[in-house]
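Observations on chain architecture
One-letter residues, chain by chain:
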Amino acid sequence: MLNAVHEITQYKPQVDGHVPEMIWLHQVEETSTAKLRRELEIDDPARRSCILNIHVSWKLQPITKLSGKEFRRALWIVIIYHRVLWISGVYHYDVNPSNLMVYRALSGLMMGVINDWDLSSPENGSSGHGRTGMIPFMAMDLLTKKAIKGEAEHM
């Protein structure tokens, strides 16, 4: 999914510089949930397959380490960045304070970044089933029976 986010930076300049840069990526094939379901003879083709990905990126700092004007600027940038990606069809699904990070650019500005893309999906890549989220940060509309069944409309 992070590759799709990087592709968006090519035509959405407001996202450039706010995407975690991957230095190295390794997928641990043995952890595929589809493979595990097959071996356990659990047939559930509707479920999304997950696999352990090891991402190495440059060191990021938690946004909560900032204060004042730097914090407000970095947070506002992350909000804009999230909105641009959402409109572009990339849904993060786990935006919470522990995933909001920053780094200091060569210009000296703190750059806001959303980290931890393992629950994200493209616009047409998820039926809404199997989603998790941190309840204190979820919209009330996502806590209804209809939404829990995967029938929530993406805004």
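Bear in mind the structure is a predicted one, so any value in this text is a computation, not a measurement. Within every chain, residues take consecutive numbers counted from 1 along the sequence as written. Predicted model: local features are reported for residues with pLDDT of at least 70 only, side-chain atom pairs are reported and counted for 80 or more only, and whole-chain, interface and lining totals are derived from all residues. Values shown for side chains rest on all heavy atoms present in the structure; no hydrogens or waters enter the calculation.

**Focus on the confidence of the model for the chain**
When pLDDT is averaged across the chain, the result is 76; 75% of the residues are at 70 or more. pLDDT is a residue-level measure of predictor confidence that goes from 0 to 100. Comment: elements are numbered from the N terminus, with helices defined as DSSP H or I runs of at least four residues and strands as E runs of at least two. Within the chain, the element-level pLDDT minimum falls on strand 7 (residues 121–122), averaging 66, and the maximum on strand 3 (residues 61–62), averaging 94.

**Let's talk about the nonpolar core**
In this description, a nonpolar core means a group of buried Ala, Val, Leu, Ile, Met, Phe, Trp, Tyr and Cys residues linked to one another through side-chain atoms lying within 4.5 Å. Remark: exposure states derive from per-residue accessible area (1.4 Å probe, protein chains only) relative to the maximum for the residue type, with buried under 20%, exposed over 50%, and partly exposed in between. Formed by 17 residues in total, the largest nonpolar core has its most connected members in V5, Y81, L85 and W117. Counting only elements with at least two residues in this core, the list comes to helix 1 (2–8), helix 3 (68–87), strand 5 (100–104) and strand 6 (110–114). Contact definition: two residues touch when any of their heavy atoms are within 4.5 Å. The contacts of L85, once residues within four sequence positions are left out, are V5, I8, V15, V90 and W117.

**Considering the sheet that holds strand 6**
Strand order in this open sheet of three strands is 3-5-6, and the pairing throughout is antiparallel. At either end of the open sheet lies a strand with only one pairing partner, and these are strand 3 and strand 6. Where strand 5 meets strand 6, five bridges bridge the pair, whose relative direction is antiparallel. Opposite R104, over in strand 6, you have M110 as the bridge partner. Helix axes are fitted to C-alpha atoms over the stretch in contact, other axes to C-alpha atoms as well, and angles between N-to-C directions run from 0 to 180 degrees. Its contacts with the sheet place helix 3 against strand 5 and strand 6, and it is angled at close to 40° to strand 6. For two strands to count as paired, DSSP must find a minimum of two bridges between them.

**Describing the environment of L25**
Mapped onto the elements, L25 comes out in strand 1 (residues 22–28). With residues near it in sequence (within four places) discarded, L25 still touches N53, I54 and H55.

**A short note on the pairing of strand 5**
Inspection of the sheet shows strand 3 paired to strand 5 by two bridges, in the antiparallel sense. Bridged to P62 within strand 5 is M101. The turn linking strand 5 back onto strand 6 is made up of five residues, and G108 within it adopts a positive phi angle of 100°.

**Some remarks on the pattern of salt bridges**
Any Lys or Arg side-chain nitrogen located within 4 Å of an Asp or Glu carboxyl oxygen qualifies as a salt bridge. A complete count under the given rule lists one salt bridge for this structure. E70 serves as the salt-bridge partner of R104, at 3.2 Å between the closest nitrogen and oxygen. Of this pair, R104 sits in strand 5 while E70 sits in helix 3, placing them 34 residues apart in sequence.

**Focus on the environment of V102**
With respect to the helices and strands, V102 occurs in strand 5. V102 sits 42 residues away from L60 along the chain, and the two C-alpha atoms are 5.6 Å apart. Residues contacting V102, with those up to four places away along its chain left out, are L60, Q61, P62, I63, L66, A74, M110, M111 and G112.

**Things to note about the packing of aromatic side chains**
For this analysis, a ring pair means two rings from Phe, Tyr or Trp (six-membered ring only for Trp) whose centres lie within 6.5 Å, classed as stacked if their planes differ by under 30 degrees, edge-to-face if by over 60, and tilted for the remaining angles. Under the counting rule described, the total for this entry stands at one aromatic pair. Taking the centre distance of 3.9 Å and the plane angle of 45° together, the rings of W86 and Y91 count as tilted. The class of Y91 is buried, set by a relative accessible area of 5%.

**Focus: the side chain of N99**
For N99, the position within the fold is in the loop between strand 4 (90–91) and strand 5. Its relative accessible area of 6% is what places N99 among the buried residues. Apart from residues lying up to four places away in sequence, N99 is in contact with H92, D94, V113, I114, N115 and D116.

**With respect to a nonpolar patch on the surface**
Surface patches are defined over residues having more than 30% relative accessible area and no salt bridge, joining like charges when they lie within 9 Å and nonpolar side chains (Val, Leu, Ile, Met, Phe, Trp, Tyr) when within 5 Å. The Shrake-Rupley method, run with a 1.4 Å probe, gives the accessible areas here. Residue values count only the displayed protein chains as cover. Judged by side-chain polarity, I23, W24, L52, I54, V56 and W58 come together as a nonpolar surface patch covering roughly 600 Å² of accessible area. Only strand 1 and strand 2 (52–57) provide two or more residues apiece to the nonpolar patch. At three residues, the largest contribution of residues to the nonpolar patch is made by strand 2. For I54, a relative accessible area of 36% corresponds to the partly exposed category.

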